[in-house]
Amino acid sequence: MPFSRTRTGCFTCREDGYKCDEQKPFCGRCVRLQKTCKGYGVRLKWQAPQGTPNSKAPKRKRQQRSCSSDEAASTPSSVCISPSIRLDPSCIVPNDINPVNRYLLNHWSTILATIVSMVSAPQNPFLIHLTPMIPHSTALRSVLCSIAACHLAILRHDDSLHTLATRHRLAAVSTLRQTIQTASPELSLATILMLQVSDRLFIMDTGVDHLSGAKAIISQRDANTWNSQSASFLLSLCSYHDILASVSRGTSPVFEFDGKFPIEGMESMKELTFVLQVVGQISKMRTQDPEDIDAQGHAIEAILDALDQSENATEDVRHTIQAYKHSAFIYLYRVWRNQGAPHPSPLRHARSCLAHLGLVPVASPLVSAQVWPLWTAGCESIDDDQRQLVRGRIDAMYEARHLPSLRRIKQDIEEVWNIKDEQRNLIGVDNVDCIKAILRTRQREADIA
């Protein structure tokens, strides 16, 4: 039955005049009728350039009814929206972008940017800092379109979107090569880091070391280049991926990470940033002299034991920090003593880590940071109940996000379990380094970022 228009339903239902159930990413009515669900939010249409003849002013009532649809024409400073809806700057893209790319960028802004960030809107730094860069960088625009097309291909089971994603990715790399010496270093760094994000989330085993490229961009400029808030966000994103890549590669971090830039540039992430800094120090232990490792191991153990939580942190942040702390202990004991389950210490930390992860709702933005602790604790789980908990958590995360990296991390954990079980059955102990096991059997890194 036709229903009066709403301001919060999907654009398809609003245009058809039907009630929308507002399911994300596609509403139930559109899926049932096999219609194209045009998404949610506030859509803008830029005013025609000066000199273009304007039609006669329509009736005021019609203006008010259609001001949020594709038929509206408005400038950024005169957008007509409902007072109850906050204008989302992520919806603003250059007027000369073709409809397909505009749709892809809208999917990035309204869906994917909220998936990859640990921070909810309106503080989401991917929207705050990357969005203003879109009109100024064809390379960045192309990589964001590629990421969106990859995600939509999974949601819609449409292989043609994978082809479109590949084309956009090739365009991004080609444009980056042509402009990297002349473009703003922030734009180049943003493009490189989003290529890194794309590789991790959509399991593109390109073999390209994006982090080394990022380091080259950063080192070629003096420190004053990176003083802006956008630069701080990019450096924090770089540090985050660098540290987790050092874990998955079994190497030292590329950067000297001092914790100066909190995760995603958010002060609320300072404690989590500190734990990541400790994880980076553990990674460095892999390349230290044997006589130095024991002293360093004791020192890091004491640091983790003394770690306090901020009383101002939200519950989700607190549980995430605790999960990272217990994962850091597991990682430390593996690097320091090659010690894992069924040894009591790793088992205890694995149980605690999984307990804290389970207390964070799957819908929380913090879940985007849960892959590494879930991997670390999951690999050390030996009883069936714990393993089933790990499987269930990953499945729930995939249903909420539809990122292929989650399915592959589940496969990798199952592979580690098989290797560990086989060794325990043969010799009664487990000295399997889960990171090295994947590097050896899969010939690639685990997707833990």
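Residues numbered from 1 in each chain as written. Predicted model: local features only at pLDDT ≥ 70, side-chain atom pairs only at ≥ 80, totals over all residues. Heavy atoms only, no water.

> Sorry if this is basic, but what is going on with the overall build of the protein chain here?
Each helix and strand in the protein chain was counted, giving 18 helices and 0 strands. Here the protein chain holds 449 residues, and 53% of them are scored as buried. In the protein chain, of all internal contacts separated by at least 6 residues, the share reaching a separation of at least 24 is 68%. Of the roughly 21400 Å² of accessible surface on the protein chain, 51% is carried by carbon and sulfur atoms. (Helix = DSSP H or I, 4+ residues; strand = E, 2+ residues; numbered from the N terminus. Buried < 20%, exposed > 50% of the residue type's maximum accessible area, 1.4 Å probe, protein only. Contact = heavy atoms within 4.5 Å. Areas by Shrake-Rupley, 256 points an atom, 1.4 Å probe, with all protein chains shown as cover.)

> Looking at this structure, I do not really get the packing of helix H8 (residues 185–201) against helix H10 (residues 229–249). What am I missing?
H10 packs onto H8 with a crossing angle of 35° between their chain directions and a minimal axis gap of 10 Å. The crossing of H8 and H10 is left-handed. In this structure, H8 uses Glu186, Leu189, Ala190, Leu193, Gln196, Val197 and Arg200 to contact H10, whose residues at the interface are Ser230, Ala231, Leu234, Leu235, Leu237, Cys238 and His241. The residue makeup of the contact of H8 with H10, split by class, is 9 nonpolar, 3 polar and 2 charged. (Axes fitted to C-alpha atoms, helices over the stretch in contact; angles between N-to-C directions. Left-handed = near helix turned anticlockwise from the far one by under 90°. Nonpolar A, V, L, I, M, F, W, Y, C, P; charged D, E, K, R; others polar.)

> What is the right way to look at the confidence of the model for the protein chain in this model?
Detail in the predicted coordinates should be disregarded across regions flagged by low pLDDT. Scored by pLDDT, the protein chain comes out at a mean of 82, with 85% of its residues at no less than 70. Contacts for the low-pLDDT stretch residues 1–6, under 50 throughout, to residues beyond four places or in other chains number 10 contacts. Of the regions scoring below 50 in pLDDT, residues 42–91 engages in 49 contacts with residues more than four places distant in sequence or in other chains. (pLDDT = per-residue confidence, 0-100.)

> Looking at this structure, I do not really get the environment of Leu201. What am I missing?
Along the chain, the position of Leu201 falls in helix H8. A relative accessible area of 10% means that Leu201 is categorised as buried. The spacing of Leu201 and Cys150 is 51 residues in sequence and 9.7 Å in space, taken between C-alpha atoms. When sequence neighbours within four positions are dropped, the list of residues in contact with Leu201 reads Val116, Leu403, Pro404 and Ser405.

> What is the right way to read unusual backbone geometry from this model?
Backbone geometry follows two general trends: most residues other than glycine have a negative phi, and most peptide bonds adopt the trans configuration. Residue Pro342 is reached from Ala341 by a cis peptide bond, and omega for that bond is 10°. Note on placement: Pro342 falls in the loop between helix H13 (315–337) and helix H14 (344–358). Unusually for a residue other than glycine, His157 sits at a positive phi of about 55°. Among the secondary structure elements, His157 is positioned in the loop between helix H6 (138–156) and helix H7 (159–179). Despite not being glycine, Asn338 shows a phi value in the positive range, around 50°. In this fold, Asn338 is placed in the loop between H13 and H14.

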